[in-house]
Amino acid sequence: MTLVSCSQPEAAPTGVVAEKAMVVSAREEASRIGLEVLRKGGNAFDAMVATEIALASAYPFAGNLGGGGFMVYRTADGEAGSLDYREKAPLAAHKDMYLDSLGNPVPDLSRKGATAVGVPGTIAGIFEVHRRFGSLPMSELLAPTIELCERGVRVTEKQAERLASYFEVMAEVNGDSILFANDCQPGDTLRYAALARTLQRISDNGRDEFYKGETARTLVGFLQERGGYITMEDMARYQAVWRDPVVFQYKDLKVISMAPPSSGGVTMQQILRMMEPYDLASMGQHTSRSIQLFTEAARRAYADRNYYLGDPDFVDIPMEELLNAEYLKARMKTFSFDSATPSDQVSEGKLMLRESEETTHYSIVDQWGNAVSATTTLNGAYGSKLYCTPLGFFLNNEMDDFSAKPGVPNMFGLIGAEANSIAPEKRMLSSMTPTIVERDGKLWMVVGTPGGSTIITAVSQTILNVYEFGQSMQQAVSAPRFHHQWLPDLIVFEPEGFSDALKDSLRNLGYHINENRTPIIGKVDAIRVLPDGRLEGGADPRGDDTAVGF
Ligand code: GLY
């Protein structure tokens, strides 16, 4: 084992290249709205506000007013920080709120409809970003989305497929009266008149319109009529929080990522630091050895994640110990290339992730070199599926990211941890990993993805694909991905790109391979700063994701 600090030479770009500024998001409409803000002189933070809101109409699958997220930034002069606009449990929440009279979890309560909804953070998030860093008036940042809502958004093939697959559950939760109740075909146009009116009121009246005004009253009334817990007091008390990001060195990269209540930064730091002593580049991308090494580091990191991490305002997280170099070295002592380490030997099993795979990420670099990496979510696809017709947006089901019954197996035979138990006003643990990477002290990459628990491994692999395996940004984003999260003790491979021979060789070493499920792992949207200062976008072909720039 040798410590290797040299990386591959920078690959020539294969994605969209821009001279100065770029936005990459899940929909072309949202990327263009963000870019237009930059073109008229706004900065990356203005573009963040505009893109975040545009996704609520262009990508209602995960873009939102009724959810929350995390944003990591790095200013042109190198200052880094992060904003937590994660949802919170309402004041009426309690540890056993999703258990029946026998003490068993009732998953529908935390996943579908009004009972699943956490206090939304997105509007607080954009206003806080704007208050601190914005340069254009908020009304100018919201106007393009109000126009888009009125003009309508074209339904893509992928969107039509998604809407069709959630049609029944949306009807079950909402009846047949919502905007999405009709069969949507590719090429149709969806107009969002109610969302346009809500955004116009927010534009006219400011942040308090959403948390204290007519919008709050409508939302709270709507939720309470349907058995939800959120009150006007919950809305009024919501605050986005600036947090110190997780910052660490991987060889000659400096990685800046999200701290708890997201597990993203801590878990990625553990994975990469456990891998760091090995010469990954010489093992080759997607070889048995490199997959083994990544898997064993991820197995150990997720075991810690699931047991120790939660909302730092409620739980003492042993950060120093978890990130200590000696500790991480000791964690890998049981690893050998000769055979898999079974997960039940890594630690006493404590928790299986119960996060959905639906979220969205966007990356922005402006013409001055400011960078924003933001991941936002409703949790499930279309969140709780509950669509607030009078206001024009879906509500999250983020309460399901808590562990409903710590210490006891849930309906999947999986076990929850105390650190992520439910409490009033607590934030539920997330895996969102908005990340910015510096190289030689300069901005090098802005990266993130949706994907629930697979977010952390997808972001880590994207960084490694460029740094260790010499890929361009677009190649690294498009490359097939795999995932391991301790429990279940399975390596999950995307359908394409991994041969049967490779899987057989891993099976022979004792690894369990997913056979029945061949999902998409993440939809990464990223930007790389090229050696000559131009920008290369990596927009994930797994979705309708689009990079635009100038
Ligand atoms: N709801 C997905 C996450 O926060 O990780």
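The rules behind the values
Residues numbered from 1 in each chain as written. Predicted model: local features only at pLDDT ≥ 70, side-chain atom pairs only at ≥ 80, totals over all residues. Heavy atoms only, no water. Helix = DSSP H or I, 4+ residues; strand = E, 2+ residues; numbered from the N terminus. Buried < 20%, exposed > 50% of the residue type's maximum accessible area, 1.4 Å probe, protein only. Contact = heavy atoms within 4.5 Å. Lys, Arg positive; Asp, Glu negative; His and termini not counted. Charge placed at Lys NZ, Arg CZ, Asp CG, Glu CD. Axes fitted to C-alpha atoms, helices over the stretch in contact; angles between N-to-C directions. Parallel < 35°, antiparallel > 145°, perpendicular 65-115°, else oblique. Left-handed = near helix turned anticlockwise from the far one by under 90°. Nonpolar A, V, L, I, M, F, W, Y, C, P; charged D, E, K, R; others polar. Pairing = 2+ DSSP bridges. Near = heavy atom within 4 Å. Polar contact = N/O pair within 3.5 Å; in protein donor to acceptor, adjacent residues only side chain to side chain. Areas by Shrake-Rupley, 256 points an atom, 1.4 Å probe, with all protein chains shown as cover. Salt bridge = Lys/Arg side-chain N within 4 Å of Asp/Glu carboxyl O. Phe/Tyr/Trp six-rings, centres within 6.5 Å; stacked < 30°, edge-to-face > 60°. Expected span 1.5 Å × (residues − 1). Bend = angle between axes of the 7 residues up to and from the residue.

**Q** Just checking my understanding: could you explain the overall build of the protein for this structure?
**A** When helices and strands are counted, the protein shows 18 helices and 20 strands. Across its three principal axes, the protein shows a C-alpha extent of roughly 60 × 60 × 45 Å. The proportion of buried residues among the 550 residues of the protein is 64%. Within the protein, contacts between residues separated by at least 24 positions form 74% of all contacts whose residues are at least 6 apart in sequence. Between the mean site of the 52 positive side-chain charges and the mean site of the 71 negative ones, the protein shows a separation of 1 Å.

**Q** How do you make sense of the packing of helix H2 (residues 44-58) against helix H4 (residues 122-133) when you look at a structure like this?
**A** The relative placement of two packed helices comes down to the angle between their axes together with the axis-to-axis distance. The N-to-C vectors of H2 and H4 enclose an angle of 165 degrees; their axes lie 9 Å apart at closest approach. When the axes of H2 and H4 are compared, the pair comes out roughly antiparallel. Once H2 is placed against H4, the crossing between them reads as left-handed. Every residue of H4 that contacts H2 at Phe45, Asp46, Met48, Val49, Glu52 and Ile53 is listed here: Thr122, Ile123, Ile126, Val129, His130 and Phe133. Taken together, the residues that form the contact of H2 with H4 break down as 8 nonpolar, 2 polar and 2 charged.

**Q** Can you walk me through the sheet that holds strand E14 (residues 435-439) in this structure?
**A** Either a parallel or an antiparallel arrangement is found when strands of a sheet pair, and the pairing is made through backbone hydrogen bonds. The strand order across the open sheet formed by 7 strands is E1-E19-E18-E15-E14-E9-E8, and the pairing between neighbours is antiparallel. Among the strands making up the open sheet, the edge pair consists of strand E1 (17-18) and strand E8 (246-250). In this structure, strand E15 (residues 442-447) lies alongside strand E18 (residues 525-529), joined through 2 bridges in antiparallel fashion. Opposite Met445, over in E18, you have Arg528 as the bridge partner. Strands E8, strand E9 (253-257) and E14 of the sheet are contacted by helix H11 (residues 264-275), whose axis makes an angle of about 15 degrees with E8.

**Q** What am I meant to see in the site of the ligand here?
**A** Close contacts around the ligand come from 10 residues, with Asn379, Glu398, Asp401, Ser430 and Ser431 the closest. Residue Arg86 places a side-chain N or O atom 2.9 Å away from an oxygen atom belonging to the ligand. In the model, an oxygen atom of the ligand is placed 2.7 Å from a nitrogen or oxygen of the Ser431 main chain. Considered on its own, the ligand offers 200 Å² of accessible surface; in the complex 100% of this is hidden by protein. Broken down by class, the residue content of the shell around the ligand amounts to 1 nonpolar, 5 polar and 4 charged.

**Q** Even after reading the chapter, I still don't get the side chain of Thr435, so can you show me in this structure?
**A** Relative to the elements of secondary structure, Thr435 occurs in strand E14. The class for Thr435 is buried, based on a relative accessible area of 0%. Within polar-contact distance, the side chain of Thr435 engages the side chain of Ser257 at 2.8 Å. If sequence neighbours within four positions are ignored, Thr435 has contacts with Val255, Ile256, Ser257, Met268, Ser373, Met445, Val446, Val447, Val459 and Ile463.

**Q** It is not clear to me how the pattern of salt bridges should be interpreted in this structure. Could you clarify?
**A** Side-chain pairs of opposite charge can arise where the charged atoms are in close proximity. Applying the stated criterion across every chain yields a total of 36 salt bridges. Measuring nitrogen to oxygen at the nearest pair gives 3.1 Å for the salt bridge that ties Arg111 to Asp400. Of this pair, Arg111 sits in helix H3 (residues 107-111) while Asp400 sits in the loop between strand E13 (393-394) and E14, placing them 289 residues apart in sequence. Overall, Asp400 belongs to the buried group, its relative accessible area being 6%. The salt bridge partner of Arg331 is Asp304, with a shortest N-O separation of 3.3 Å.

**Q** Where do I start with the pairing of strand E11 (residues 371-377) in this structure?
**A** Consecutive side chains of a regular strand alternate in pointing toward one face of the sheet and then the other. Among the 7 residues of E11, 7 are classified as buried, and the element is accordingly described as predominantly covered. Here E11 shows a buried face lined by Ala371, Ser373, Thr375 and Thr377 and a second buried face lined by Val372, Ala374 and Thr376. As defined by bridge partners, strand E3 (residues 68-74) adjoins E11 across 7 bridges and the pair is classed as antiparallel. Across the sheet, Tyr73 pairs through a bridge with Val372, a residue of E11. The pairing of strand E10 (residues 360-365) with E11 spans 6 bridges and is classified as antiparallel. Directly across from Tyr362, in E11, lies its bridge partner Ala374. Counted between consecutive antiparallel strands, the loop separating E10 from E11 contains 5 residues, among which Gly369 sits at a positive phi close to 100 degrees.

**Q** Is there a simple way to explain the sheet that holds E11 in this structure?
**A** Strand order in the open sheet formed by 7 strands is E7-E4-E3-E11-E10-E2-E20, with antiparallel pairing between adjacent strands. Each edge of the open sheet carries a strand with a single partner, namely strand E7 (241-243) and strand E20 (546-549). Each neighbouring strand pair of the sheet contributes to a mean axis angle of 15 degrees, computed without reference to strand direction. Where E3 meets strand E4 (residues 80-85), 6 bridges bridge the pair, whose relative direction is antiparallel. Across the sheet, Tyr73 pairs through a bridge with Gly81, a residue of E4. Lying on the sheet, H2 is in contact with strand E2 (22-25), E3, E4, E10 and E11; it crosses E10 at an angle near 155 degrees.

**Q** Help me understand the packing of aromatic side chains, please; the structure alone is not making it clear to me.
**A** Each aromatic ring pair is described using two quantities: the centre-to-centre distance and the angle formed by the ring planes. A complete count under the given rule lists 24 aromatic pairs for this structure. Relative to Phe393, the ring of Phe210 has its centre 6.1 Å away and its plane inclined at 35 degrees; by these criteria the two rings are tilted. Residue Phe210 is found in helix H8 (residues 207-211), and its partner Phe393 is found in strand E13; the two are separated by 183 residues along the sequence. For Phe210, a relative accessible area of 1% gives the class buried. Take Phe393: its relative accessible area is 4%, and that puts it in the buried class.

**Q** Looking at this structure, how should I read helix H6 (residues 157-174)?
**A** Think of an α-helix as turning once every 3.6 residues; residues three or four places apart then point the same way. Helix length check: H6 (18 residues) gives 24 Å between terminal C-alpha atoms against 26 Å at 1.5 Å per residue, within 8%. Of all the bends in H6, the largest measures some 50 degrees and sits at Phe167. Residues of H6 that are buried include every one of Gln159, Ala160, Arg162, Leu163, Val169, Met170 and Asn174, and no others. Looking at the buried residues of H6, the elements they touch are H2, strand E5 (153-154), strand E6 (189-190), strand E12 (387-388) and E13. The first or second residue beyond H6 is Gly175, which carries a positive phi of 80 degrees.

**Q** Explanation requested: the packing of H4 against helix H5 (residues 138-151) in the structure shown.
**A** In contact at an axis separation of 11 Å, H4 and H5 are set at 140 degrees when each is read in the N-to-C sense. Considered as vectors, H4 and H5 are oriented oblique to each other. Taken together, the residues of H5 that come into contact with H4 (itself represented by Ile126, Phe127 and His130) are Met138, Leu141 and Leu142. Tallied by class, the residues present in the contact of H4 with H5 amount to 5 nonpolar, 1 polar and no charged.

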